[in-house]
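The residues making up each chain are set out below.
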Amino acid sequence: MNKINNNFKFEFDKKIQQIEFKINSKIYPLTTIYQATYLFLDKVYVFLDGQPEKEIKAFFKLKEHVNKEQLENLVGQFYNELLNQVLREKISQANDKIREYIVSQALYSAVPSEVDELLKEVEDDWQKDPLGIAQPWQEKKQAAKKSKKSSKKVKSKK
Amino acid sequence: MRIIKFNKKIYRPEAIKQAINDFKNLANFKLKENSDYIEIKINKIDQDYKDILKDEFANYALGLMS
Amino acid sequence: MLDLQTIKKLNDKQAGFFRFKKFENDNYLLTNDIGHYIFLPETDFKKYIHGRLDKKSKLYQKLKQKLFIKDEDYLKNFIWQYRQRNSFLKYGPSLHIVVVTLRCNHRCIYCHASAATCKDKKYDMDLKTAKLVVDTIFKSNNNAICIEFQGGEPLLNWPVVEFIINYAQEKNKLEKKNLIFRLVSNFTLLDQKKMNFLMTNEVNFCTSLDGDESTHNYNRIFTDGNSYKETVKWIKKINQAYKDKYKGKKKNYYRVGALITVTRKTLANYKQVIDTYIKLGFRNIYLRYLNPFGFALQAKEKIWYNPKEYIDFYKKAFDYILEKNYQGRHFYESMAATYLRKILNQEEPNNLDFRSPCGAVIGQLAYNYNGDVYTCDEGRMIARMGGDEMFKLGNIKKNSLEELINNDLCKSVCFASCVDGLPGFSENVYKPYLGICPVYNYSVHGNIFPAMKNNFRWQIDEAIVEYLFTKLQNRKNQDIFQEWVKKSKPPIPK
């Protein structure tokens, strides 16, 4: 039995170049194990088994021959990556809602919706009052009188 | 022939089936499912990959889980 | 070192969302969704995640300014900067690649376009199609339009190039867009008349220059002469013409742009290649790696390299360029400058290959000689290689611009090129700076989504960004990189 530290022990089968170790899935959730192992798929062949509620058994089969130091390095890197993934998951969970809010505010509010644009057009048109509906009839009558007078003046000058 | 037993609580059946589909040109795959495991029997493996196909297949299936 | 006890004490009320990576010198690099970054020694990193930094300290203020601390201004500032960073999403395609012919007078060993021979005139765009292309282009809601002539060799279909420029200029009198033309050519068919016309219409000249004469001619076979000599002759002529035109007016006048396609032969010759560019007066070099399109796949034995070989070459070339800068020579590498603009300025320089989502459809469209429209030039190359029309949007003779853009293919490539949520990418500390190419993934893996982390392109792009961050830890380099960022927006003739 090899050890990286007291929390992380592993067994090495030299014949088939395979490392076997156990991961406490109460400390390291399955999602973090997936994320961590994904980053090692180019270096090792990974196989997982066990009881996800309690403990995962991980088998790392090496793609090429390594010495003892390289082996311990690899396992140490994986252990560090597990810790990194746990921290990432915590940060992510703590900030999920706020990130959703930020993206929706930043992108949605910058692009007016088609409905908003149509409403704005209608409002603008209404404000212009093309049919003169908002104008009181007395004003309209006075305006009509004024324009009659001015056209008479023009005719007499001619 | 190579045999792999995938724990259903760890490996999603859809990921295994996707992997079988993506590897279908390299070998024959037979799938058998029970309550806890999906057993895959691999035979007629392409000569060029006979030493590594089982492990590559398992890696690929795990990659599809992420 | 991180341990479970440290992680348990995370103060999630104070620490905003960040990604991180530990460097070899035990410094932690942190980045966030805006693209701000900071290096923290381990002790400060732990204090930060535990919320134990002195609020009056310079470090706390720096973290706050870079939006790593959730205080009363955090939301407002983050939303504003996030919007700025992603403002390109508001606009339609700005880059329009017009393939006026597939014919070419070169037989480049890596030709991504799978060029046809000079005789095959059936691969020329006709005037009717050209007019439709321009009409379609002007329907984009983007006020900035770049019409880029590609091929084959576009000068082989000069009448259509000339027509498109004239017709587009005419249309633009009414449309009043910010219209730019770019010609990507080997220059061997240029003459004084064509050059004058192109310069008068302020067309940007771009070419391929693969380094010194030996390397260039090895990669770029021209049976009618010496490709290197012809290309260099015209580079010098055009640059001199621009210098004369802007004499006394502008210091930073326009120059010809060039890029190199790195093949195996280039790897050992990086010094000669860079020296050639400097000698010819270029301000920069773009050390473009091979892509799996066209003839490049057939010549695998001759020209390809693995990611490690390219990364090794890139680092040496980069260090050589940096050395030149220390000696007072202003010269930069273009990919690095693109990334540095994102890192130092949190801007999106809109290099469509390195964006998330990428430029396919929403940033660019590629119009083939026969009017077929593709998501991008690479999508067109896939079709040319083996007849796979996976990335074809339609044809301008049958489909409106809206039909070309508003379809499931566009949505698929956008979705597939969004690094958020992709395993191996979304939690990556370099995620704010990187992009992926669904067409590349399809070509190599048969799937528009990236398959595994050992993707050739991803390995290289990540390695380059990491190298830049390694260099950024040196203050002397920071000043040089700021200069690169400033200079990497070259002046256009207008």
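Let us look at the structure shown here. (Residues numbered from 1 in each chain as written. Chains lettered and ligands numbered in written order. Predicted model: local features only at pLDDT ≥ 70, side-chain atom pairs only at ≥ 80, totals over all residues. Heavy atoms only, no water.)

### Points about the overall build of chain B
Next, step 1: A count of helices and strands for chain B gives 2 helices and 3 strands.
Next, step 2: Put simply, chain B runs from its N terminus to its C terminus through helices and strands in the order β-α-β-β-α.
Next, step 3: Radius of gyration (C-alpha) of chain B: 11 Å, near the 11 Å computed for a compact globule of 66 residues.
Next, step 4: Dimensions of chain B along its principal axes, counting C-alpha atoms only, are 30 × 25 × 15 Å.
Next, step 5: Going through the 66 residues of chain B one by one, you find that 42% of them count as buried.
Next, step 6: Accessible surface computed for chain B: about 3900 Å², of which carbon and sulfur atoms make up 44%.
Next, step 7: Charge centroids of chain B, computed over 13 positive and 10 negative side chains, lie 7 Å from each other. (Helix = DSSP H or I, 4+ residues; strand = E, 2+ residues; numbered from the N terminus. Rg over C-alpha atoms; globule rule 2.2 N^0.38 Å. Buried < 20%, exposed > 50% of the residue type's maximum accessible area, 1.4 Å probe, protein only. Areas by Shrake-Rupley, 256 points an atom, 1.4 Å probe, with all protein chains shown as cover. Lys, Arg positive; Asp, Glu negative; His and termini not counted. Charge placed at Lys NZ, Arg CZ, Asp CG, Glu CD.)

### A closer look at the overall build of chain C
Next, step 1: The helix and strand tally for chain C stands at 21 helices and 16 strands.
Next, step 2: Here the C-alpha radius of gyration of chain C, 24 Å, is about what a compact globule of 494 residues would show, namely 23 Å.
Next, step 3: Over its C-alpha atoms, taken along the principal directions, chain C stretches across nearly 70 × 50 × 50 Å.
Next, step 4: Across the 494 residues in chain C, those meeting the buried criterion constitute 62%.
Next, step 5: Sequence-distant contacts in chain C: of pairs separated by 6 or more residues, those separated by 24 or more amount to 70%.
Next, step 6: Surface exposure of chain C reaches about 20800 Å², of which carbon and sulfur atoms provide 49%.
Next, step 7: Looking at charge distribution, chain C has the averaged site of its 79 positive side-chain charges lying 4 Å from that of its 53 negative ones. (Contact = heavy atoms within 4.5 Å.)

### Describing the interface of chain A and chain B
Next, step 1: Chain A puts 18 residues into the contact, and the matching count from chain B is 17 residues.
Next, step 2: Between chain A and chain B, roughly 1400 Å² of surface is buried when both sides are summed, and carbon and sulfur atoms account for 55% of that area.
Next, step 3: Of all residues in chain A, Tyr34, Tyr45 and Phe47 of chain A bury the most surface against chain B, accounting for 40% of the area lost on that side.
Next, step 4: Counting the contacts that link chain A with chain B gives 2 salt bridges.
Next, step 5: The tally of links between chain A and chain B comes to 11 residue pairs in polar contact (both at pLDDT 80 or more).
Next, step 6: Secondary structure elements with two or more residues in the side of chain A that touches chain B: α1 (30-38), β4 (44-51) and β5 (55-62) of chain A.
Next, step 7: When residues in the side of chain A that touches chain B are grouped by element, the largest group, 7 residues, is from β4 of chain A.
Next, step 8: Of the residues contributing to the side of chain A that touches chain B, the split by class is 11 nonpolar, 3 polar and 4 charged. (Buried area = accessible area lost by both parts, 1.4 Å probe. Salt bridge = Lys/Arg side-chain N within 4 Å of Asp/Glu carboxyl O. Polar contact = N/O pair within 3.5 Å; in protein donor to acceptor, adjacent residues only side chain to side chain. Nonpolar A, V, L, I, M, F, W, Y, C, P; charged D, E, K, R; others polar.)

### Some details on the sheet that holds strand β1 (residues 2-7) of chain B
All names here are of chain B.
Next, step 1: Here 3 strands make up an open sheet; going across it, the order is β1-β3-β2 and the pairing antiparallel. Edge positions in the sheet fall to β1 and β2 (28-33), since each has one partner strand and no second. Across this sheet, the average inter-strand angle for adjacent strands is 20°, counted without regard to direction.
Next, step 2: Here β2 runs beside strand β3 (residues 37-43); their pairing, made up of 6 bridges, is antiparallel. Within the sheet, the bridge partner assigned to lysine 32 lies in β3 and is glutamate 39.
Next, step 3: Each of β1, β2 and β3 touches helix α1 (residues 13-23); the most contacted strand, β2, lies at about 165° to it.
Next, step 4: With respect to the sheet, helix α2 (residues 53-65) is in contact with β1, β2 and β3, its orientation differing from that of β1 by roughly 20°. (Pairing = 2+ DSSP bridges. Axes fitted to C-alpha atoms, helices over the stretch in contact; angles between N-to-C directions.)

### Concerning the packing of helix α15 (residues 334-345) of chain C against helix α21 (residues 475-487) of chain C
All names here are of chain C.
Next, step 1: Following both chains from N to C, one finds α15 and α21 inclined at 105°, their axes separated by 9 Å at the closest point. On the basis of the axis angle, α15 is roughly perpendicular to α21. Listed contacts from α21 to Ala336, Ala337, Leu340, Arg341, Leu344 and Asn345 of α15 are Phe481, Gln482, Trp484 and Val485.
Next, step 2: Looking at side-chain class alone, the contact of α15 with α21 contains 7 nonpolar, 2 polar and 1 charged residues. (Parallel < 35°, antiparallel > 145°, perpendicular 65-115°, else oblique.)

### Focus: the pattern of salt bridges
Next, step 1: Tallying each qualifying case throughout the model produces 38 salt bridges over all chains.
Next, step 2: Here glutamate 42 of chain C ties to lysine 46 of chain C by a salt bridge, and the two come within 3.5 Å at their closest N and O atoms. Pair noted here: glutamate 42 of chain C and lysine 46 of chain C are both in helix α2 (residues 42-50), with a separation of 4 residues, about one helical turn.
Next, step 3: Put simply, lysine 392 of chain C and glutamate 389 of chain C hold a salt bridge, and the shortest N to O gap is 3.5 Å.
Next, step 4: Through salt bridges with shared partners, one network takes in Arg99 of chain A together with Arg19, Asp33, Asp420 and Lys431 of chain C.

### Topic: the interface of chain C and chain A
Next, step 1: Counting from both sides, the interface comprises 33 residues of chain C and, opposite them, 30 residues of chain A.
Next, step 2: On the surface where chain C and chain A come into contact, there are 1 salt bridge.
Next, step 3: A salt bridge links arginine 99 of chain A to aspartate 33 of chain C; its shortest N-O distance comes to 3.0 Å.
Next, step 4: At the surface where chain C touches chain A, the tally comes to 4 residue pairs in polar contact (both at pLDDT 80 or more).
Next, step 5: Elements with a contribution of two residues or more to the side of chain C that touches chain A: α1 (4-8), β1 (19-22), α2 and α4 (74-85) of chain C.
Next, step 6: Among the elements that make up the side of chain C that touches chain A, the one with the highest residue count is α4 of chain C (6 residues).

### Points about the pairing of strand β3 (residues 18-24) of chain A
Residue and element names in this part refer to chain A.
Next, step 1: Only one face of β3 is buried: it carries Ile19, Phe21 and Ile23, and the other face, with Gln18, Glu20, Lys22 and Asn24, is open.
Next, step 2: Where β3 meets β5, 7 bridges bridge the pair, whose relative direction is antiparallel. Across the sheet, residue isoleucine 19 finds its bridge partner in β5, namely phenylalanine 60.

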